[in-house]
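# Coordinate inspection notes
Listed below are the residues making up each chain.
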Amino acid sequence: MSSLATVVPGLVTATDNPVADFSDTPWWLSLVKAVLLFVFLLVNTLIVIWFERRVIGRMQQRPGPNRTGPFGLLQTLADGVKLALKEDVTPKAADKLMFILAPVIAGAMAFVSFAIIPLSNDVHMFGHRTPLQLTDTPVAVLLVLAVAGVGVYGILLAGWSSGSTYPLLGGLRSSAQVISYEIAMGLALVAVFLYAGSMSTSQIVYAQKSLWYVIPAFFSFFVYLITMVGETNRLPFDLAEGEGELTGGFHTEYSSLKFAMFFLGEYVNMFTVSALATTLFLGGWQAPPFIAMIGGGFFNGGWWGLLWFVVKLWSFMFFFVWLRGSLPRVRYDQFMRLGWKVLIPTTLLWVVAVAFIRASQLGFLGDSKISFAGREIPRSTLLVTSLIAVAVLGAAWAWDARQARKDADVTQVPEEIDPFAGGHPVPPLPGQRLVEPVPSLTGASIRSMTTDTTHQEESRG
């Protein structure tokens, strides 16, 4: 353990048991924390909807909501009241039980995953010292993935039970989308498990005491950013509800509070995946290093931890809003190709590389070390890192050479084209000229057609 911490600070050996101690947490205090967590998510959802509309409004040079309440802060609440007062319509062809159950599943499952997220370490509440976390298990991160898999049933049931074509297509799209990107997301998290030695969220945060995993597991962080957008059906990956193709997608037939449940579930899921990214890659509730050193760690933990957690959480929420205001929706085939042909294979290779790096750091590939900048680094770690770097550079060179051959093999664009050669009008490319159309009728034929037309009109009187 000491050698590992010396080689790479922050990569400490951990056990599967959670660090969070709930021994001084009575059942009623757990209930209070559950209610506070529910209120925390609801309030943040109300704020982020207003925040999203205001930020995108600024991006598009318009004010956004600014009438209802100060700075338009009550606009989201007014929209919620409007949804509640709308008529609740159930299609005649719908499976009524599943039609009602779908939004309940989608809305409820969004809250469950947040139970294992540590908002801070131990705090004093009502005379008890308790972690600012509802619960934790040795496999807490797997619980989040499992709940996300159950939550997609709400979308599937909504699409199937509506008895309509567009919702069914949206449900099918969502099933393929979630299956594809949950594989890549799970593989991205494996690197974090290898570094932390645990799947407990409190243990993972504790293991990042000296080094946040966004640095050693940078590629996993990049893949997770992509997959969390796909998991939450947000632009540019909101293909399950693409308005231009499926009108409203899986919730086309929903109205009133049932639609509000889907709306709420989407935004709470955004907070859940952002909180998981904060926990696994950005040190969770821990303060930034330059602040954590102030006052012997006075600002690193307790109720201060909640502040740092919320700041990191909202940085991801801004990332969601920024994507929505900047990028267009991708094609569905492009989206699936990215998941199956790019993210999953490269993440598999990354997991293998991380496994070798960790094995070398733990001494499984030899104990020989060299001194560098006052630290002892295993020779096997340098060897494995060098081999990985060479492999990456070789793959990049091969890819570049392949693209160069493709560009060289491209046929030369003709200077003149006939826009009607293929039977359909084709616009010219930049630098091309259109072939001038040749009249197919001669002057004599035109005169004869004119004479025939005149005789026909005279015969009609």
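The structure displayed is predicted, hence computed values, not measured ones.

## Concerning the pattern of salt bridges
The tally for this structure, following the rule as stated, stands at eight salt bridges. For Arg-129, the salt bridge identified is with Asp-122, shortest N-O distance 3.7 Å. In this structure Arg-129 comes out as partly exposed when scored by relative accessible area, which is 41%. Here Asp-122 falls in the partly exposed class, since its relative accessible area comes to 27%. Here Asp-333 ties to Arg-337 by a salt bridge, and the two come within 3.5 Å at their closest N and O atoms. Placement of both Asp-333 and Arg-337 in helix H13 (residues 332–361) is noted, with a separation of four residues, approximately one turn of the helix. Classification of Asp-333 as partly exposed rests on a relative accessible area of 34%. Accessibility expressed as a relative area gives 41% for Arg-337, which makes it partly exposed. Where salt bridges share partners, they join Glu-52, Arg-234, Glu-266 and Arg-324 into one cluster.

## Notes on the layout of surface pockets
Size it by volume and the largest pocket reaches roughly 920 Å³. Residue lining of the largest pocket: 44 residues in total, with Thr-232, Asn-233, Arg-234, Glu-241 and Glu-266 positioned closest to the centre. Of all the secondary structure elements, the ones that give two or more residues to the lining of the largest pocket are helix H2 (27–59), helix H4 (96–112), helix H5 (140–161), helix H6 (165–196), helix H8 (218–231) and helix H10 (256–281). Of the residues forming the lining of the largest pocket, the biggest block, 11 residues, is contributed by H10. Class assignment for the residues of the lining of the largest pocket results in 23 nonpolar, 10 polar and 11 charged.

## Quick word on the environment of Asn-269
Here Asn-269 shows up in helix H10. Take Asn-269: its relative accessible area is 30%, and that puts it in the partly exposed class. For the pair Asn-269 and Ala-106, spaced 163 residues apart in sequence, the C-alpha to C-alpha distance is 9.6 Å. Residues within four places of Asn-269 in sequence aside, it is in contact with Ala-110 and Thr-232.

## A short note on the pairing of strand E1 (residues 122–125)
Here E1 shows a clear split, with Val-123 and Met-125 buried on one side and none of Asp-122 and His-124 buried on the other. Here E1 pairs with strand E2 (residues 128–131) via four bridges, running antiparallel. Looking at E2, one finds that Asp-122 is bridged to Pro-131.

## Quick word on the environment of Met-59
Following the sequence through the fold, Met-59 ends up in helix H2. Considered as a pair, Met-59 and Ser-326 are 267 residues apart in the sequence and their alpha carbons are 8.4 Å apart. Every residue in contact with Met-59, bar those within four places of it in the chain, is listed here: Trp-322 and Gly-325.

## What to know about the nonpolar core
If you look at the biggest cluster of nonpolar residues, it comprises 73 residues, and the most contacted ones within it are Phe-114, Leu-189, Tyr-224 and Met-228. Leave out the neighbours within four places in its chain, and Tyr-224 touches Met-185, Ala-188, Leu-189, Val-273, Leu-276, Ala-277 and Phe-281. Ranked by size, the runner-up nonpolar core spans 13 residues in total, among them Ala-94, Met-98, Ile-105 and Phe-262.

## Focus on the packing of H10 against helix H12 (residues 303–326)
Where H10 meets H12, the axes come as close as 9 Å, and the angle between the chain directions of the two elements is 125 degrees. Here H10 lies oblique to H12, going by the angle between them. Classified by chirality, the crossing of H12 by H10 is right-handed. Seen from H10, the contacting residues are Tyr-267, Met-270, Phe-271, Val-273, Ser-274, Ala-275, Ala-277, Thr-278 and Thr-279; seen from H12, they are Phe-309, Lys-312, Leu-313, Trp-314, Phe-316, Met-317, Phe-320 and Arg-324. Residues that form the contact of H10 with H12 fall into these classes: 12 nonpolar, three polar and two charged.

Parameters and conventions
- Residues numbered from 1 in each chain as written.
- Predicted model: local features only at pLDDT ≥ 70, side-chain atom pairs only at ≥ 80, totals over all residues.
- Heavy atoms only, no water.
- Salt bridge = Lys/Arg side-chain N within 4 Å of Asp/Glu carboxyl O.
- Buried < 20%, exposed > 50% of the residue type's maximum accessible area, 1.4 Å probe, protein only.
- Helix = DSSP H or I, 4+ residues; strand = E, 2+ residues; numbered from the N terminus.
- 1 Å grid on protein atoms, 1.4 Å probe; cavity = no way out; pocket = protein on both sides within 12 Å on 5 of 7 lines; lining within 4 Å.
- Points joined across faces, edges and corners; volume = space filled by probe spheres on them.
- Nonpolar A, V, L, I, M, F, W, Y, C, P; charged D, E, K, R; others polar.
- Contact = heavy atoms within 4.5 Å.
- Pairing = 2+ DSSP bridges.
- Core = buried A, V, L, I, M, F, W, Y, C linked by side-chain atoms within 4.5 Å.
- Axes fitted to C-alpha atoms, helices over the stretch in contact; angles between N-to-C directions.
- Parallel < 35°, antiparallel > 145°, perpendicular 65-115°, else oblique.
- Left-handed = near helix turned anticlockwise from the far one by under 90°.

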